[in-house]
Amino acid sequence: MIRPIWLVLTVLILPLSARGAEATPAFVFHSFNQASLARFAPLPAAGHAQGDGARVQLDWTSEAHQDAQAIETLSLDGEIMRLSYTRQWTWQGLQWLAELPLMVTGGGILDQRIEDWHRWFGLPNGARTAQPRDAYQYRYQRNGVTVLDVHGSDVALGDVRAGVQQCGARGCWHALLQLPTGDEDRLLGGGLGAALWYSSAYALGPRFSGVLAAGSSVQRRVGALKPMQRSVTPFGWASMGYALTPRWALGAQLYAHAPLYGSSQIDALTRMGLQTTFGLQYRSARGMQLELGFQEDLITESSPDFVIQLAAAWGAAP
């Protein structure tokens with residue numbers, strides 16, 4: 001199912017790419033699928049060209065899902081905070097970046113608040129009402145055998161990432177390397193892989209702007225679910241923002257990727273991922289950018305049903 005979306009994104013990039021270098025800054029959220037079972041894949045955060053600078057970001061994720069099929073049962077229930085520091089600089093005519101993530105997992109405090117949020121917007125709560133509140137338990141059973149059983153709390157390093165990009169008049173090529181510095185047995189990372197993609201900014205009049213991108217990742221299969229994981233994952237995203245004032249912008253973003261697992265009847269493993277992020281961005285006169293975003297899963301179960309994103313970026317062009 002991902003292939004039509006990937007092709008559409010690629011086709012859209014081409015006619016708009018001539019304006020890519022002019023739409024600065026283009027509206028985009030630096031978000032991707034924060035699911036614990038997706039962490040082995042080097043799915044890049046959405047973005048585009050940036051100047052030298054730094055970024056601190058908190059992705060506060062809540063997961064709640066249960067499913068049972070003929071020979072399989074899956075239960076996902078937990079809260080994850082991913083606090084990342086990213087530094088970007090220019091060297092030898094290329095833009096380089098390094099990202100250091102800290103993972104904090106546990107039962108959390110968001111369950112009741114997310115249920116209220118979904119009720120207020122008329123959204124389904126899925127398995128939340130059937131699971132204990134503020135618990136942390138990730139379990140997968142197959143043929144009566146417990147394959148995965150992760151519980152308890154952690155504070156540990158996630159997978160360190162390094163990247164490089166080269167931009168021209170029509171857009172930017174990006175490459176990302178993910179190092180397996182996280183603990184694969186605790187679902188904190190452990191995925192060695194790389195990603196390559198092309199992005200282009202666009203502008204529609206003086207107020208609308210965004211980014212379109214498409215690419216693919218390749219990753220080593222690791223952990224308890226290694227036999228079911230896929231080694232190649234196409235992905236892409238599309239964002240659009242509206243400048244309310246010269247300082248404030250409001251926007252939304254779609255992020256899609258192919259299924260990360262196979263050989264299963266569990267939707268959380270075999271469905272493609274499709275997330276939407278919406279929120280606000282503020283840019284100060286000195287170039288600091290502040291972001292507040294909320295992520296929901298448009299295709300349920302294969303992505304977390306709720307993520308809060310807070311970020312601050314600074315430098316030449318954050």
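Treat the numbers as computed from the prediction; the structure is a model and nothing was measured.

A. Representation of empty space enclosed by the protein within the structure. Evaluation of the coordinates by the stated rule reveals 3 cavities of 30 Å³ or more. Taken as a whole, the largest cavity holds about 490 Å³ of empty space. Sorting the residues of the lining of the largest cavity by element identifies β1 (53-68), β2 (72-91), β3 (94-106), β7 (161-167), β8 (172-178) and β15 (306-315) as the ones contributing at least two each. It is β1 that contributes the most residues to the lining of the largest cavity, 5 residues altogether. Here the lining of the largest cavity is composed, by residue class, of 15 nonpolar, 15 polar and 6 charged.

B. Summary view of the side chain of E79. Mapped onto the elements, E79 comes out in strand β2. Its relative accessible area of 5% is what places E79 among the buried residues. Of note is the side chain of E79, whose polar atom sits 2.9 Å from the side chain of W60.

C. View of the pattern of salt bridges. Inspection of every chain in the model, using the stated rule, returns 6 salt bridges. Taking the shortest distance from any N to any O, the salt bridge between R55 and E291 comes out at 2.7 Å. Of this pair, R55 sits in strand β1 while E291 sits in strand β14 (residues 289-297), and the two are 236 residues apart along the sequence. Accessibility assignment for this pair places R55 and E291 in one class, buried. Taking the shortest distance from any N to any O, the salt bridge between D154 and R186 comes out at 2.8 Å. Of this pair, D154 sits in strand β6 (residues 154-157) while R186 sits in the loop between β8 and β9 (193-204), and the two are 32 residues apart along the sequence.

D. Layout of unusual backbone geometry. A positive phi is found at L187, a non-glycine position, where the angle reads about 60°. Summarising the element assignment, L187 is placed in the loop between β8 and β9. Even without a glycine there, the phi angle at E301 is positive, about 85°. For E301, the location among the structural elements is in the loop between β14 and β15.

Rules of the game
- Residues numbered from 1 in each chain as written.
- Predicted model: local features only at pLDDT ≥ 70, side-chain atom pairs only at ≥ 80, totals over all residues.
- Heavy atoms only, no water.
- 1 Å grid on protein atoms, 1.4 Å probe; cavity = no way out; pocket = protein on both sides within 12 Å on 5 of 7 lines; lining within 4 Å.
- Points joined across faces, edges and corners; volume = space filled by probe spheres on them.
- Helix = DSSP H or I, 4+ residues; strand = E, 2+ residues; numbered from the N terminus.
- Nonpolar A, V, L, I, M, F, W, Y, C, P; charged D, E, K, R; others polar.
- Buried < 20%, exposed > 50% of the residue type's maximum accessible area, 1.4 Å probe, protein only.
- Polar contact = N/O pair within 3.5 Å; in protein donor to acceptor, adjacent residues only side chain to side chain.
- Salt bridge = Lys/Arg side-chain N within 4 Å of Asp/Glu carboxyl O.

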